[in-house]
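Listed below, chain by chain, are the residues.
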Amino acid sequence: MNRLRVGVLMGGRSPEREVSLRSGACVLEALEGSRYEAVPVEIPRAGPWVPPDGLDVAFIALHGPYGEDGTIQGVLEFAGIPYTGSGVLASALAMDKRRARYVMASNGVPVPASLAVDREALAARGGGLAREIEQTLGFPCVVKPNAQGSSIGVSIVRAPAELPRALEAAFALGDLVLVEEYLTGVEATCGILDDPDVGGPVALPLVEIVPAREFFDYEAKYTPGAAEEICPARLPPAAVWRAQAAALRAYRALGCADVARVDLFVREADVVVLEVNTIPGLTRESLLPKAARAAGIEFPSLVDRLITAALRRAGRLAEGVRIA
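Here is a short report on the structure shown in this document. (Residues numbered from 1 in each chain as written. Predicted model: local features only at pLDDT ≥ 70, side-chain atom pairs only at ≥ 80, totals over all residues. Heavy atoms only, no water.)

### Comments concerning the overall build of the protein chain
Helices and strands together make up the secondary structure of the protein chain, namely eleven helices and 13 strands. The globule rule puts the C-alpha radius of gyration for 324 residues at 20 Å, and the 20 Å found for the protein chain is close to it. Projected onto its principal axes, the C-alpha coordinates of the protein chain cover approximately 65 × 50 × 40 Å. Taken over 324 residues, the protein chain has a buried fraction of 53%. Here the analysis covers contacts within the protein chain between residues at least 6 apart in sequence; of these, 66% occur between residues at least 24 apart. On the protein chain, roughly 14100 Å² of surface is accessible, and the fraction owed to carbon and sulfur atoms is 52%. The average position of the 33 basic charges and that of the 40 acidic charges among the side chains of the protein chain differ by 1 Å. (Helix = DSSP H or I, 4+ residues; strand = E, 2+ residues; numbered from the N terminus. Rg over C-alpha atoms; globule rule 2.2 N^0.38 Å. Buried < 20%, exposed > 50% of the residue type's maximum accessible area, 1.4 Å probe, protein only. Contact = heavy atoms within 4.5 Å. Areas by Shrake-Rupley, 256 points an atom, 1.4 Å probe, with all protein chains shown as cover. Lys, Arg positive; Asp, Glu negative; His and termini not counted. Charge placed at Lys NZ, Arg CZ, Asp CG, Glu CD.)

Here it is as structure tokens:
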């Protein structure tokens with residue numbers, strides 16, 4: 001049997017480049033030599049790039065803009081290369097938090113109350129923004145870029161005097177910023193995997209997140225010991241069911257494929273979905289592999305599942321390549 005030539009796409013132009021390189025390295029390590037020919041494909045931070053010739057499938061380990069927002073998916077579609085994860089539309093939509101929330105809310109998914117602020121609107125509002133936040137959301141609130149991942153550029157604002165610095169940090173990463181309600185409850189994440197045996201997506205065990213810092217920021221996500229990640233989450237069965245149901249509804253509403261990770265808060269009587277990550281981290285500290293392991297899916301099998309799913313969607317499922 002000929003080995004499948006798998007290009008592992010990593011690096012790129014996003015602020016999450018270093019995380020992407022770590023995800024890519026873990027995927028490369030997991031690919032079995034007898035089944036796959038692993039091809040590391042590091043996309044440069046700047047400059048031109050075209051897909052290499054001869055790939056049977058591209059494993060996307062890119063996070064953030066240019067990798068998770070439909071850009072690379074469009075390039076691969078044009079090149080006719082099957083790839084892991086969601087397609088162009090779902091990727092672009094999930095990356096745009098504001099528009100993703102419109103779609104999720106219209107499909108019955110509870111989302112945080114928020115205000116969207118662009119640069120022009122900020123200039124027009126002037127000092128009135130703090131008053132508007134006080135009246136609609138209250139303090140503390142959360143300020144974040146509309147289209148970034150890994151909590152990059154996110155600030156908790158506890159008083160109006162802290163707002164300008166938080167806005168400056170968020171606007172450094174994009175022209176649209178979200179100001180949203182400060183949520184309390186149990187922070188958790190729900191991995192989703194498509195399972196052909198059941199004919200659709202299934203929810204993995206919830207991971208409960210207990211950060212040692214003020215919130216689950218970039219350092220807490222990727223520094224060993226900076227957060228306690230408990231799987232399965234210490235929640236009543238009814239709360240787990242509500243969270244998994246909301247995560248699946250969000251996944252379907254955005255049209256995701258293969259895999260995603262849905263971040264949410266579980267409160268006493270309800271669930272609030274923050275966002276859907278269409279290319280979850282795949283480092284040793286990442287949440288999706290932890291949830292998959294709790295479901296009995298070790299990392300090499302997870303990688304194999306995603307490659308198999310990509311080939312199946314493209315109608316190129318090779319004989320002998322099966323979900324582990």
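Next, the rest of the story.
### Describing helix α10 (residues 287-294)
Buried within α10 we find Leu-287, Leu-288, Pro-289, Ala-291 and Ala-292. In this structure, the buried side of α10 is in contact with β8 (186-195), β10 (207-211), β11 (227-230), β12 (259-266) and α11 (299-313). Just past α10, the residue Gly-296 takes up positive phi, approximately 90°.

### Comments concerning unusual backbone geometry
With glycine set apart, most residues show a phi of negative sign, and most peptide bonds adopt trans. Cis geometry marks the peptide bond from Phe-139 to Pro-140; its omega dihedral reads 0°. Within the fold, Pro-140 resides in the loop between α6 (128-136) and β5 (141-145). The phi torsion at Tyr-66 lies on the positive side, around 75°, for a residue other than glycine.

### Some points on the packing of helix α1 (residues 17-30) against α11
Put simply, α1 and α11 touch, their axes get as near as 9 Å, and they point 95° apart. By the angle between their axes, α1 is roughly perpendicular relative to α11. Contacts from Cys-26, Val-27 and Ala-30 in α1 reach Phe-299, Pro-300 and Val-303 in α11. Each residue belonging to the contact of α1 with α11 can be placed in one class, and the counts come to six nonpolar, no polar and no charged. (Axes fitted to C-alpha atoms, helices over the stretch in contact; angles between N-to-C directions. Parallel < 35°, antiparallel > 145°, perpendicular 65-115°, else oblique. Nonpolar A, V, L, I, M, F, W, Y, C, P; charged D, E, K, R; others polar.)

### Notes on the packing of aromatic side chains
According to the stated counting rule, one finds zero aromatic pairs in the structure shown. The ring centre of Tyr-66 lies 4.2 Å from the NZ or CZ of Arg-13, which sits over that ring. Sitting over the face of the ring of Tyr-83, Arg-313 holds its NZ or CZ atom 5.9 Å from the ring centroid. (Phe/Tyr/Trp six-rings, centres within 6.5 Å; stacked < 30°, edge-to-face > 60°. Lys NZ or Arg CZ within 6 Å of the ring centre and 35° of its normal.)

### Structural notes on the pairing of strand β2 (residues 36-43)
For a regular strand, side chains alternate in direction, first toward one face of the sheet and then toward the other. Here eight bridges tie strand β1 (residues 4-11) to β2, and the two strands are oriented parallel to one another. Counted as the bridge partner of Val-8 is Pro-40 from β2. Handedness of the β-α-β unit built from β1, α1 and β2 comes out right-handed. (Pairing = 2+ DSSP bridges. Right-handed = clockwise from strand over helix to strand, strands pointing away.)

### Concerning the sheet that holds strand β3 (residues 57-60)
With respect to topology, three strands assemble into an open sheet ordered β2-β1-β3, the strand pairing being parallel. Only two strands of the sheet have a single neighbouring strand rather than two, namely β2 and β3. Averaged over all pairs of adjacent strands, the angle between strand axes in this sheet comes to 25°, irrespective of strand direction. Strands β1, β2 and β3 of the sheet are contacted by helix α2 (residues 71-79), whose axis makes an angle of about 180° with β3.

### A closer look at the side chain of Lys-144
By secondary structure assignment, the location of Lys-144 is in strand β5. At 3.0 Å, the side chain of Lys-144 forms a polar contact with the side chain of Glu-180. Setting aside anything within four residues of it in sequence, one finds Lys-144 in contact with Lys-97, Arg-101, Gly-153, Val-154, Ala-170, Val-177, Leu-178, Glu-180 and Glu-275. (Polar contact = N/O pair within 3.5 Å; in protein donor to acceptor, adjacent residues only side chain to side chain.)

### Quick word on the nonpolar core
Core analysis: the largest hydrophobic core is formed by 29 residues, its most contacted members being Val-6, Phe-59, Phe-299, Leu-302, Val-303 and Ile-307. Sorting the residues of this core by element identifies β1, α1, β3, β10, α10 and α11 as the ones contributing at least two each. Sorting elements by how many residues they give to this core places α11 first, with seven residues. Apart from residues no more than four positions distant in its own chain, Ile-307 is found in contact with Val-6, Leu-31, Tyr-36, Val-57, Phe-59 and Thr-84. Among the nonpolar cores identified, the runner-up in size contains 28 residues, and Leu-206, Ala-233, Leu-235 and Val-240 belong to it. (Core = buried A, V, L, I, M, F, W, Y, C linked by side-chain atoms within 4.5 Å.)

### Here we look at the sheet that holds strand β6 (residues 155-157)
Overall, antiparallel pairing links the four strands, which are arranged β4-β7-β5-β6 in an open sheet. Bordering the open sheet on either side are β4 (114-118) and β6, each of which pairs with just one other strand. Averaged over all pairs of adjacent strands, the angle between their axes in this sheet comes to 25°, without regard to strand direction. Here β5 pairs with β6 via three bridges, running antiparallel. By the bridge assignment, Val-142 is partnered in β6 with Ile-156. Sitting on the sheet, helix α4 (residues 97-106) touches β4, β5 and β7 (176-181), and the angle it makes with β7 is about 50°. Each of β4, β5, β6 and β7 is contacted by helix α7 (residues 163-171), which is oriented at about 25° to β5, the strand it contacts most.

Read these as spatial facts, not as claims about activity.
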